[in-house]
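The chain contents come next:
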Amino acid sequence: MTEKQLKELLGSLSLTEKAFQLTQAPAPYYMKDAQIAGTEVNTEISERELALMGSNLYVYGPKESRDIQKRCMDMHPHHIPMLFMMDVIHGYRTVFPTPLAMGATFDPERAEEMMRTAAAESSAAGVDVAFSPMLDLVRDARWGRVMESTGEDPYLNSVMGRAMVRGFQGNDKNEIPTGRVSSCIKHFAAYGAPEGGREYQNVELSEHTLREYYLPAYRAAIEEGADMVMSSFQTINGIPSAANRWLLRDILRDEWGFEGVVITDWAAIEELVNHGVAADLKEASLLAFKAGVDIDMCSMAYYRYLPELVEEGKISEEELDVSVMRVLKLKNKLGLFENPYKDADETRVNVVTLCPEHRAAARKAVSESLVLLKNEGNLLPLKKNHKIALIGPYVESRELHSAWAPNGKAEDAVSVREAAGELSEYSFTYASGCPMQTWDALLVHGKEHSIEDLRKSDFSEHKPEMPDTLQVQAMQKAMEADRVVLFIGEHRTMSGEAASRADISLPENQLDLLRAVAKVNRNIVTVVFCGRPLDLREVCRLSRTVVMAWLPGTEGGHGIMDVLTGKENFSGKLPMSIPVSVGQAPISYNQLATGRPKDPVRDVALYRSAYIDTPNRPLFPFGYGRSYSSFAISPVSLSTSEVTGVYDPCDRETVLLTASAEVENTSAVPGVVTVQLYIRDNTASLARPVRELRGFNRVELQPGEKRTASFDVTPSMLSFVGAEGKRVLEPGRFTIWIGEDSETENKTEFVLNGR
Ligand code: BGC
């Protein structure tokens, strides 16, 4: 449709019809079932009303999408097509590693490929808009949704966020082509920083911290062209995001120029009443609309109250029109007025879903996402002449997708055992060792936390449990083996939305298994499955080799065995620090300099910013990850050590200097190393982070090969959010590091002069 036709269409809509365009209903309402958790079919909403909705949430498949679209368009007085939206977080049916694991790849091309395949599969099923990527910066492993983010660093999240938006939408700014979907980034803003790591809890952040760390990734994705933004559930400094005009209008629209559609998170308008900022649903609708929310996701509020609010003069019809126009434009960009079904097609679904190319891409992504934390005695790669016991509940499990893979199916996945079974030249034995427990096993005493129970005295003795049959079998296998590979970790239900944990250890029954196995065999490789950094102290103490496998998705078994056998090399780097214990959370490498830093040489904690019972450093830092290869990085060399520059937000060209280092593969194994660039502004008007990631390069090297990793340093990379809330660039000395992780000490300095 032309702009003129869109305006005519808008002009022909009644107030009520406009308000419906701004309301989203859950798709189960159309299917007369309630498959979305917590959703009851609302029988008060008539068929006619459902037909008027602007969008719906959740897609069942191409046939169902087409049926709903046809039925509703036939009933709609203006035959306006609906938008079908859904969470497509790390794949559709072909599930890639969870986003945190994708962060570990430090590979934007792989992230783009993931979303391209997800777009191909989901669009064929009838999805128009993916609620993804999630760009919330995360520093607190207690929060259950860290697995949905690419990690703790604003730069890494921005690069990956841009790539994922490209993967979903393609590169055409005016049209969403066949096989692509619109991207709705979320959760705006700072949902990833709840107090205490507790789900839906308030976020308390200064404007400076918000702008410096939390906002850049959302902004980058918007610059990349993301069509939609979802507001977050929680309050920031007391204001719920769905009612936060400063966030949704002043920053998002006025400062950043976002022209797309803003939607709330699930029922967030209704929740304004629970937050205590609105007396009822009508006031909540007014607050949200005035704050800048275009679409009400599933509160069923806008269609009821916006017309009234316009009639009462609280909202002008022009304001309403602006929001409706945004929705109509998105439908137009997706081509729905010409073809309301877009790519929803039975044949297409069968061709693309789980096709060999998608599976191959997912398999490669798994191998890139694994992080080798240590490999004492080179237990890995596994050797063909060894007897190897594969032990643990994750050996057989096909539940390798995260809690946010609504279309992920265990039956599509390849387990470790199945992948190992394909390797006939190896000698494997298998044992589960203990049952796989789900999230409810973590509850105190196996039931809801009861403070009363916890306060009660209880003198019953803690009896060490006798090893059960599964554990005895596992110990037997471990005893007979040269090497043990233990596949243990959190079940997928232990992370994700509403899965915050106050204790980030492995499930107790699996720790018991590790302890039992360690009694009979010291050559243990532990492969950890998880949706968050865990407390790995005991795992590290009892295992000589430790691998982070995250939640690897459909091709998990293959990807893992590819790397464990050395067919592929490790290249993953931690996207989040692994804390020593939960007491360090929140933790991130880019903390601000303090007035009393811990003395790095004497390591004394007295009157220093430190704990007396725990180190400051995490167990494994951001950016860390080993490989079968070893690399040497030369001292940093700069094209010049004195530069002159000013900050201009529109200038993306100026290069102040080039920093480089020679990287050499000093081993006999081909490999990839992610070379990382960190910068610190040593003296500024505000305390600055002790270092910040400003660039990275995946460098592939054959044995003995050398390459130069170079980074252009621009004024923007040296700038920061000043006390006034605007980016500034201040002259002075800067330190620059090039190395393999965020603790590298390979550094030099340069001076920036002002003009
Ligand atoms: C989640 C969002 C998601 C939405 C729709 C909410 O509970 O917070 O991330 O997009 O549901 O499924």
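Above this text you will find the structure in question.
Residues numbered from 1 in each chain as written. Predicted model: local features only at pLDDT ≥ 70, side-chain atom pairs only at ≥ 80, totals over all residues. Heavy atoms only, no water.

Participant: Tell me what's going on with the site of the ligand, and back it up with residues and numbers.
Facilitator: Around the ligand sit 13 residues, and of these Asp87, Arg145, His187, Asp265 and Glu497 come closest. Asp87 has a polar side-chain atom sitting 2.4 Å from an oxygen atom of the ligand. One nitrogen or oxygen atom from the side chain of Asp265 is found 2.6 Å from an oxygen atom belonging to the ligand. In isolation the ligand has 310 Å² of accessible area, and contact with the protein removes 93% of it. Here the residues of the shell around the ligand are counted per class, giving seven nonpolar, one polar and five charged. (Near = heavy atom within 4 Å. Polar contact = N/O pair within 3.5 Å; in protein donor to acceptor, adjacent residues only side chain to side chain. Areas by Shrake-Rupley, 256 points an atom, 1.4 Å probe, with all protein chains shown as cover. Nonpolar A, V, L, I, M, F, W, Y, C, P; charged D, E, K, R; others polar.)

Participant: Describe in detail the pairing of strand 6 (residues 228-231), supporting the description with residues and values.
Facilitator: Of the two faces of strand 6, the one lined by Met228 and Met230 and the one lined by Val229 and Ser231 are each fully buried. With three bridges connecting them, strand 5 (residues 182-188) and strand 6 associate as parallel partners. Each bridged residue has a counterpart across the sheet, and for Ile185 the counterpart in strand 6 is Val229. Summarising the sheet, strand 6 and strand 9 (residues 261-263) pair through three bridges and their orientation is parallel. Looking at strand 9, one finds that Val229 is bridged to Val262. (Buried < 20%, exposed > 50% of the residue type's maximum accessible area, 1.4 Å probe, protein only. Helix = DSSP H or I, 4+ residues; strand = E, 2+ residues; numbered from the N terminus. Pairing = 2+ DSSP bridges.)

Participant: Give me the side chain of Ser299: which residues, what numbers.
Facilitator: In this structure, Ser299 sits in the loop between strand 10 (296-297) and helix 14 (302-311). Among the polar contacts made by the side chain of Ser299, one reaches the main-chain amide nitrogen of Ile269 at a distance of 3.3 Å. Engagement of the side chain of Ser299 in a polar contact is seen with the backbone nitrogen of Glu270, the distance being 3.0 Å.

Participant: Could you give an account of the nonpolar core, with specific residues and numbers?
Facilitator: In this structure, Phe188, Leu373, Ile391, Leu536 and Met548 are the most contacted members of the largest nonpolar core, which totals 172 residues. For Leu536, the residues in contact, after removing those within four places along its chain, are Leu373, Leu506, Val528, Met548, Ile578 and Leu619. Ranked by size, the runner-up nonpolar core spans 32 residues in total, among them Leu370, Tyr394, Val525 and Tyr628. (Core = buried A, V, L, I, M, F, W, Y, C linked by side-chain atoms within 4.5 Å. Contact = heavy atoms within 4.5 Å.)

Participant: Account for the packing of helix 9 (residues 207-214) against helix 10 (residues 216-223), with residues named and values stated.
Facilitator: At their nearest, the axes of helix 9 and helix 10 sit 6 Å apart, and the two run at 50° to each other. When the interaxial angle is binned, helix 9 and helix 10 end up oblique. Where helix 9 abuts helix 10, its residues Leu210, Arg211, Glu212, Tyr213 and Tyr214 lie against Pro216, Ala217 and Tyr218. Grouping the constituent residues of the contact of helix 9 with helix 10 by class yields six nonpolar, no polar and two charged. (Axes fitted to C-alpha atoms, helices over the stretch in contact; angles between N-to-C directions. Parallel < 35°, antiparallel > 145°, perpendicular 65-115°, else oblique.)

Participant: So, the packing of aromatic side chains: which residues are in play, and what are the values?
Facilitator: Tallied over the full model, the rule gives 20 aromatic pairs. Both rings, one in Tyr394 and one in Phe529, keep their centres 4.0 Å apart while their planes meet at 5°; by these two values the pair is stacked. Of this pair, Tyr394 sits in the loop between strand 12 (387-391) and helix 18 (416-421) while Phe529 sits in strand 15 (residues 524-529); the two residues are 135 residues apart in sequence, bridging distant segments of the chain. For Phe529, a relative accessible area of 0% puts it in the buried group. Among the aromatic residues, those joined into a ring-pair cluster are Phe106, Tyr155, Tyr589, Phe622, Tyr678 and Phe696. The ring of Tyr341 has Arg66 sitting right over it, with the charged end atom 4.3 Å from the ring centre. Over the face of the ring belonging to Tyr430 we find Arg417, whose NZ or CZ atom lies 3.9 Å from the ring centre. (Phe/Tyr/Trp six-rings, centres within 6.5 Å; stacked < 30°, edge-to-face > 60°. Lys NZ or Arg CZ within 6 Å of the ring centre and 35° of its normal.)

Participant: Hey, could you go over a nonpolar patch on the surface for me, with residue numbers and the actual values?
Facilitator: Side chains of Val604, Leu606 and Tyr607 sit close together on the surface and give an oily, nonpolar patch of about 340 Å² of accessible area. With respect to the helices and strands, Tyr607 occurs in the loop between helix 23 (556-564) and strand 17 (631-633). Judged by relative accessible area, which is 63%, Tyr607 ranks as exposed. (Patch = residues over 30% accessible without salt bridge, like charges linked within 9 Å, V, L, I, M, F, W, Y side chains within 5 Å. Salt bridge = Lys/Arg side-chain N within 4 Å of Asp/Glu carboxyl O.)

Participant: Which residues make up helix 17 (residues 356-369), and what values go with them?
Facilitator: The end-to-end C-alpha distance of helix 17, which contains 14 residues, comes to 20 Å, matching closely the 20 Å that a straight helix rising 1.5 Å per residue would cover. Among the residues making up helix 17, those that are buried are His358, Ala361, Ala362, Ala365, Val366, Ser367, Glu368 and Ser369. (Expected span 1.5 Å × (residues − 1).)

Participant: Pulling in residues and values, what's your account of the sheet that holds strand 15?
Facilitator: Overall, mixed pairing links the six strands, which are arranged 11-16-15-14-12-13 in an open sheet. Only two strands of the sheet have a single neighbouring strand rather than two, namely strand 11 (371-375) and strand 13 (427-431). Averaged over all neighbouring strand pairs, the angle between strand axes comes to 15°, with direction disregarded. Pairing of strand 15 with strand 16 (residues 545-548) involves four bridges; the strand directions are parallel. The partner of Val527 across the bridge, within strand 16, is Val547. Contacts between helix 21 (residues 508-520) and the sheet are confined to strand 12, strand 14 (483-489) and strand 15, with strand 14 contributing the most and set at about 170° to the helix.

Participant: Give me the lowdown on the pairing of strand 3 (residues 83-86), citing residues and values where you can.
Facilitator: Burial along strand 3 is two-sided: Leu83 and Met85 and Phe84 and Met86, pointing in opposite directions, are all buried. The sheet contact formed by strand 2 (residues 55-57) and strand 3 spans three bridges and is parallel. Counterpart to Ser55 in the pairing with strand 3 is Leu83. Regarding the hand of the β-α-β motif, the stretch spanning strand 2, helix 5 (residues 62-75) and strand 3 is right-handed. Across two bridges, strand 3 lies against strand 4 (residues 129-130) in parallel orientation. Bridge pairing in strand 4 places Met85 opposite Val129. (Right-handed = clockwise from strand over helix to strand, strands pointing away.)

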